[in-house]
Amino acid sequence: PITAPGYTYVPADKRAATPTPIPGSATTAPSPDPAIRAPAPPAAPLVPLTYADLIRRPELWPAQCTVKAMMQFQGGTTVKAGQTVKVDGLTAQEVELSTLDNKIQFAAAPDETDVLAVANTEYAALSPAQRELTYATIARRKELWPYRLTIGQTLDLGRGQTVNPGDTAILVKFDRGNPFVIAEKFRTSFTISPQATDLMTQARRFVEAGDAAPSRVGTELDGKLISSVTGQPTSIDAASPPRYYVFYRGSSTCSITRGFTPSLVKFYNEQHPKHPVFEIIYIMTEAPADTGRFAREAGFAWLAVDYETTGRMPVMGEPFGSLLPQLVVMDRAGNVLANGVQGTVPAALQTLDALLNQPAVR
């Protein structure tokens, strides 16, 4: 177990070896010829979507479709046969549409458009894993959350703030199934419909690339890291980002911080060479010069973040409070795996130790 201020490290990986079957015994199966492979099972035939399916699956709504016949409206406005229009929504009775210039909003019967045919063409182009994705499953699977979303429509946020198509927003969380975001150009937070963003497009790409998005924590730290010793800008090696981010918030004037820091330094020095999948990032509460003196005295040279910067970091800044010291362990997606404050800091470090020594997934 790990305790403060000192500890004795005991490796957690104590797996027993798997017994090897004796050749010729009843439990030994003949080795298959590696040159002979069993045929792959045939793929299940793709069942086309019905309009009822499409109503239930908004993530499969096409962004655009065409109208089949000319439509005339009051005031003399006209939508021509074959004209491409935007799909704004679907109901049991009609398709809600608008022209590409947003000047005309109207509704049409489903069979007056090719919306179902377009949806089925796009559906057939998806992989089985991509077809299974829904907005609800993405909301539950944080490893599929992108750091930024691109907005696809004009939004009036009030106070003279307007978000336009192509603007970006940081995804913070989901609120009743809708992304809660922060507009980067205004730092204003708001909730938006997932269909009004590129959330599904990005999540589908992540599923095909290995079932995980790029590190949300790493993206947020980009350009904000400094050396705890010198205060000069630095960065994480982009070629080998950590699996676990360990944020340590302390102060040279805090007696509990001074009592625990030697244990953390010893842990890092012993475990990081064997488990380079984690990195400690010091959250500064003092001026860089004071932090540098403390780092040299305690014997660490970790990456650091100015504490004031954490207020501009919605992904990793939320768990931090006012008590010192605090040790927070996050994965790449920003999930908090351990959060220790003052007397519970050793328990958070023990959780990290267990994570580092868990058996590899085969």
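What counts and what doesn't
Residues numbered from 1 in each chain as written. Predicted model: local features only at pLDDT ≥ 70, side-chain atom pairs only at ≥ 80, totals over all residues. Heavy atoms only, no water. Pairing = 2+ DSSP bridges. Helix = DSSP H or I, 4+ residues; strand = E, 2+ residues; numbered from the N terminus. Axes fitted to C-alpha atoms, helices over the stretch in contact; angles between N-to-C directions. Parallel < 35°, antiparallel > 145°, perpendicular 65-115°, else oblique. Left-handed = near helix turned anticlockwise from the far one by under 90°. Contact = heavy atoms within 4.5 Å. Buried < 20%, exposed > 50% of the residue type's maximum accessible area, 1.4 Å probe, protein only. Phe/Tyr/Trp six-rings, centres within 6.5 Å; stacked < 30°, edge-to-face > 60°. Salt bridge = Lys/Arg side-chain N within 4 Å of Asp/Glu carboxyl O. pLDDT = per-residue confidence, 0-100.

### A few points about the pairing of strand 4 (residues 84-90)
Bridge analysis of strand 1 (residues 64-66) against strand 4 gives 3 bridges, and the strand direction is antiparallel. Considered in strand 4, the bridge of Thr-66 is made with Thr-84. Across 5 bridges, the pairing between strand 4 and strand 5 (residues 95-99) is antiparallel. Across the sheet, Val-85 pairs through a bridge with Thr-99, a residue of strand 5. Joining the antiparallel neighbours strand 4 and strand 5 is a turn of 4 residues.

### Quick look at the pairing of strand 18 (residues 336-341)
When strand 17 (residues 326-331) meets strand 18, the two strands line up antiparallel, connected through 5 bridges. In the sheet register, Gln-326 faces strand 18, and the bridge partner there is Val-341. Connecting strand 17 to the antiparallel partner strand 18 that follows it, the hairpin turn spans 4 residues, and Gly-334 within it adopts a positive phi of roughly 100°.

### Side note on the packing of helix 7 (residues 255-271) against helix 8 (residues 288-298)
Helices that pack against each other are described as a pair by the angle of their axes relative to one another and the distance between those axes. The N-to-C vectors of helix 7 and helix 8 enclose an angle of 55°; their axes lie 10 Å apart at closest approach. By the angle between their axes, helix 7 is oblique relative to helix 8. When the axes of helix 7 and helix 8 are compared, the crossing they make is right-handed. Contacts between helix 7 and helix 8 pair Thr-257, Arg-258, Thr-261 and Val-265 from the former with Phe-294, Glu-297 and Ala-298 from the latter.

### Some remarks on helix 5 (residues 199-208)
Residue pairs three or four apart in sequence face the same way in an α-helix, which turns once every 3.6 residues. Burial of helix 5 is extensive: 7 of the 10 residues sit out of reach of the surface. What helix 5 keeps buried is the set Leu-199, Met-200, Gln-202, Ala-203, Arg-204, Phe-206 and Val-207. On its buried face, helix 5 is in contact with helix 3 (128-132), helix 4 (135-140), strand 7 (148-150), strand 10 (168-175) and strand 11 (178-183).

### Here's the deal with the side chain of Asn-120
Inspection of the secondary structure assignment puts Asn-120 in helix 2 (residues 115-124). The contact partners of Asn-120, leaving out residues within four places of it in the chain, are Pro-48 and Leu-49.

### Things to note about the sheet that holds strand 14 (residues 244-249)
Taken together, the 6 strands give an open sheet; going across it, the order is 13-16-15-14-17-18, and neighbouring strands pair in mixed fashion. Where the open sheet ends on each side, the last strands, each with one partner, are strand 13 (226-227) and strand 18. Pairing of strand 15 (residues 278-284) with strand 16 (residues 303-306) involves 4 bridges; the strand directions are parallel. Considered in strand 16, the bridge of Met-284 is made with Asp-306.

### What about the packing of aromatic side chains?
Per the stated rule, a full pass over the model turns up 14 aromatic pairs. Their ring planes at 90° and their centres at 6.1 Å tell us that Phe-247 and Phe-320 sit as a pair that is edge-to-face. You can see Phe-247 sitting in strand 14 and its partner Phe-320 sitting in the loop between strand 16 and strand 17, a full 73 residues away along the chain. For the pair shown, Phe-247 and Phe-320 are each scored as buried. Centre to centre, the rings of Tyr-282 and Phe-294 are 6.5 Å apart; their planes meet at 55°, and the pair counts as tilted. In this pair, Tyr-282 is assigned in strand 15 and Phe-294 in helix 8, connecting sequence segments 12 residues apart. The same class applies to Tyr-282 and to Phe-294, which are both buried.

### A word on the pattern of salt bridges
In this structure the tally under the stated criterion is 7 salt bridges. Between Arg-141 and Glu-143 there is a salt bridge; the shortest N-O distance is 2.9 Å. When its relative accessible area of 26% is taken as the criterion, Arg-141 is described as partly exposed. A residue is classified by how much of its surface remains accessible, and Glu-143, at 31% relative accessible area, is partly exposed. With a shortest N-O distance of 2.2 Å, Asp-290 and Arg-293 are connected by a salt bridge. Taken as a pair, Asp-290 and Arg-293 lie in helix 8 at a separation of 3 residues, close to a single helical turn. The class of Arg-293 is partly exposed, set by a relative accessible area of 48%.

### Quick word on the confidence of the model for the protein
Of the residues in the protein, 86% reach a pLDDT of 70 or more, and the chain-wide mean stands at 88. Put simply, strand 2 (residues 71-72) is where the protein has its lowest mean pLDDT, 92, and helix 2 is where it has its highest, 98.

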